[in-house]
Amino acid sequence: YIFVPETNPIEEPVEEPVTSFYLKTNLLYDLATVANLGLEIGFKDHYSIDLPVNFSPWTTHPKYRLRVFSVQPEFRYWFGQEHKGHYLGVHGIVGLYNLSFGDSHRYQTHMIDDKLFFPAMGVGLSYGYSLWLDKKREHPNWFMEFNIGVGYVYERYDSFYNIENGAMFSSGDEHHYFGPTKLEIAIGYRLGDVKKKNK
């Protein structure tokens, strides 16, 4: 009789869910001369956080002005996996603006005591769809994304005459907005994935 000690089978390392990073730009905003860049972080297969920043500091015409700075963070639930297919999102909105549309008035984010801006703030719901452009590759990187959202925005604004150094004629007006809050046709690139193995 030969005694053979029992041996434990070799356990393979267990991989935790992937954390993925994506960089993208909204082509519709680019066409409107609003520079923008978004970073999205995906985790646990069905969830991601999108962090887009929009910035337009220039005036393209004396009578028309589209100066904005805004952030629109969004939490997303994906029905599929690997950042593809349909998703639903909940987003917030915080922004500053200075706008004129060629008429006699210009509108600007309300300034409190000539020192502090009162930003426009809101919330919304969105629906989106994403697809890989190089899906034949084992690990695709390039993708396109489509997104539309609706919600509510509260803002206070100051009104000026739309001429050079135009005087303010109204201050602190309130506006409650209900309607579209997101419209996106974006192209993006997957920066990489992070996996942690538990031994």
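Residues numbered from 1 in each chain as written. Predicted model: local features only at pLDDT ≥ 70, side-chain atom pairs only at ≥ 80, totals over all residues. Heavy atoms only, no water.

All chains considered together, the criterion is met by 14 aromatic pairs. Ring geometry for Trp 132 versus Phe 143: centroids 5.7 Å apart, planes at 80°, classification edge-to-face. With Trp 132 in strand β11 (residues 120-132) and Phe 143 in strand β12 (residues 142-161), this residue pair connects regions lying eleven residues apart in the sequence. Both residues of the pair, Trp 132 and Phe 143, count as buried. Through a chain of ring-to-ring contacts, three or more aromatic side chains come together here, namely Phe 43, Tyr 47, Phe 75, Tyr 77 and Phe 79. One Lys or Arg, Arg 106, reaches over the ring of Phe 160 and ends 4.3 Å from the middle of that ring. Its end group placed over the ring of Phe 118, Arg 156 keeps NZ or CZ at 5.6 Å from the ring centre. (Phe/Tyr/Trp six-rings, centres within 6.5 Å; stacked < 30°, edge-to-face > 60°. Helix = DSSP H or I, 4+ residues; strand = E, 2+ residues; numbered from the N terminus. Buried < 20%, exposed > 50% of the residue type's maximum accessible area, 1.4 Å probe, protein only. Lys NZ or Arg CZ within 6 Å of the ring centre and 35° of its normal.)

Mapped onto the fold, Pro 140 is located in the loop between β11 and β12. The spacing of Pro 140 and Arg 190 is 50 residues in sequence and 8.0 Å in space, taken between C-alpha atoms. Those residues within four positions of Pro 140 in sequence are excluded, and the remaining contacts are Trp 132, Asp 134, Lys 135 and Arg 190. (Contact = heavy atoms within 4.5 Å.)

With the rule as written, the count across this model stands at ten salt bridges. Among the salt bridges present, the one from Arg 76 reaches Glu 74, with a minimum N-O distance of 2.6 Å. On the basis of relative accessibility, which here comes to 1%, the residue Glu 74 falls in the buried class. In this structure, the salt-bridge partner of Glu 184 is Arg 76, at a minimum N-O distance of 3.8 Å. Of this pair, Glu 184 sits in strand β13 (residues 168-194) while Arg 76 sits in strand β6 (residues 74-78); the two residues are 108 residues apart in sequence, bridging distant segments of the chain. On the basis of relative accessible area, Glu 184 is assigned to the buried category, the value being 10%. (Salt bridge = Lys/Arg side-chain N within 4 Å of Asp/Glu carboxyl O.)

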